[in-house]
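Each chain is listed here by its residues.
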Amino acid sequence: MRRFGGFVGAAAMLIGLGVAPVSHAQAPIMPILEAPAILDLPEASHASVRRFLNLNTPRALAFGPNGVFNWQAGGGDAAFVEQTALTNCERRARPGACTIALRDLSIVKPGREWAPSPPPEGVAITSAHHATLPDERFIWWGPEQARGVLVFGHGKEALTDLRGRQPQSWTRHFNNAGFDGWRFDREPSADSARRAAAWLRDDLAELRGRGYRQVIVAGQSRGGWNALMVLNRPGLADVAIAIAAAAHGRPSEENNRLHAQIAELETLLAEAARAGRMRLAVVDFRDDPFMAEPDKRAEALRRQRERFAAVLLIDRPEGMTGHGAGGSMAFNDRYGACLLRFATAPRPPSAC
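Here is a short report on the structure shown in this document. Model, not experiment: these values are computed from the prediction.

Hydrogen bonds between backbone atoms are what pair the strands of a sheet, whose relative direction is either parallel or antiparallel. Taking strand neighbours across the sheet as the criterion, the four strands line up as 4-3-5-6 in an open arrangement whose pairing is antiparallel. Single-partner strands in this sheet number two, and they are strand 4 (69-73) and strand 6 (106-107). Summarising the sheet, strand 5 (residues 99-103) and strand 6 pair through two bridges and their orientation is antiparallel. Counterpart to Arg 103 in the pairing with strand 6 is Ser 106. Packed onto the sheet, helix 2 (residues 46-53) meets strand 3 (59-63), strand 4 and strand 5 and runs at close to 25° relative to strand 4.

Next comes the structure, spelled out in structure tokens:
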């Protein structure tokens, strides 16, 4: 039985261009997003702090006298992150001169403390084997104030349980711009591609019914393939973002189905004729063992471009390799803001 908690559900080139998504209400400004001004940092430091705010947690920024600061995001647990930020800040100031000013989503600078409200209880959409739910490591805006919602699906690693894995950090650009960040979590033993796609279609419709103005479906690996699998249902999503989309195994695995990947991709794209005028971004990387015939993948997308309002293909960018490259800080830095513009701008960018 599916459970809908809290709310009641209601019924590297641009190769296509269409109309903009519907206009969105202006989301309120969250104090954490004004951290450079709150910390009274010089203008030259603002870009570094904005970069920090577009990275995943755990993250911490240490602040000292005369505008000295240092931050750390990832690389270890919360204690490691904070200690690293403090140590590096004090190397620039003096021992004992720095304190933590920003921690994850919160401002902890004395006198300016602030933390965002968490998602309300009971909003998750669940069945016996999956849950689509807001990630508490992201700012919660809520359907009435948010510009929209981004639903991110994790990959699949045999029977490894990936539920709860933080969405890739490039999605922070969307969250900081006013989009709620939701996870599409699946129990590994029940996580077949078709079954997951059925859950995802239902859940996107539910989120649309709750009042989200723009719905973006995204994912990495199997999560990205599931994003492609919902293209055939009109009105489910305005934008789909597929990062290293895969569902066919790798050459080293017995019973892999890489030989069928291109034909199945062609079918998914062809079925998008029924999807309405949505935007589609696809990202593939060099040396990805889950990707069959990368040139044919790119060509398949080019042939089907007229089915979409806009298509962005980031095809094997230089300096990024492997199936998990979309989760890197380098990918976030280079493409996070561009993917946001592609999803939201009246005229999407012609290149990233």
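There is more to say, and it comes next.
Below, the discussion takes up the packing of aromatic side chains. We describe a pair of aromatic rings using the distance from one ring centre to the other and the angle between the two ring planes. Scanning all chains against the criterion turns up seven aromatic pairs. Ring geometry for Phe 152 against Trp 170: centres 6.2 Å apart, planes inclined by 70°, an arrangement best described as edge-to-face. Highlighted residues: Phe 152 in strand 9 (residues 148-153) and Trp 170 in the loop between strand 9 and helix 4 (172-176), separated in sequence by 18 residues. In this structure, Phe 152 and Trp 170 share a single accessibility class: buried. Members of the aromatic cluster, connected to one another through ring pairs, are Phe 152, Trp 170, Phe 174 and Phe 179. Across the ring face of Phe 52, the terminal group of Arg 59 is positioned such that the distance to the ring centre comes to 5.3 Å. The ring centre of Phe 138 lies 3.8 Å from the NZ or CZ of Arg 172, which sits over that ring.

A word on the side chain of Asp 288. Tracing the backbone shows Asp 288 in the loop between strand 13 (279-284) and helix 8 (294-303). No salt bridge forms around the buried Asp 288; measuring N to O, its nearest opposite-charge neighbour Arg 297 is 6.1 Å away.

Buried residues dominate strand 9, accounting for six of its six residues. Because side chains alternate across strand 9, one face comprises the buried residues Gly 148, Leu 150 and Phe 152, and the other comprises Val 149, Val 151 and Gly 153, equally buried. Pairing of strand 9 with strand 10 (residues 179-186), which is carried by six bridges, proceeds in the parallel orientation. Its bridge partner being in strand 10, Leu 150 is matched across the sheet by Gly 181. The sheet contact formed by strand 9 and strand 11 (residues 215-220) spans five bridges and is parallel. Bridge assignment links Val 151 to a residue of strand 11, and that residue is Val 217.

The rules we used
- Residues numbered from 1 in each chain as written.
- Predicted model: local features only at pLDDT ≥ 70, side-chain atom pairs only at ≥ 80, totals over all residues.
- Heavy atoms only, no water.
- Pairing = 2+ DSSP bridges.
- Helix = DSSP H or I, 4+ residues; strand = E, 2+ residues; numbered from the N terminus.
- Contact = heavy atoms within 4.5 Å.
- Axes fitted to C-alpha atoms, helices over the stretch in contact; angles between N-to-C directions.
- Phe/Tyr/Trp six-rings, centres within 6.5 Å; stacked < 30°, edge-to-face > 60°.
- Buried < 20%, exposed > 50% of the residue type's maximum accessible area, 1.4 Å probe, protein only.
- Lys NZ or Arg CZ within 6 Å of the ring centre and 35° of its normal.
- Lys, Arg positive; Asp, Glu negative; His and termini not counted.
- Salt bridge = Lys/Arg side-chain N within 4 Å of Asp/Glu carboxyl O.

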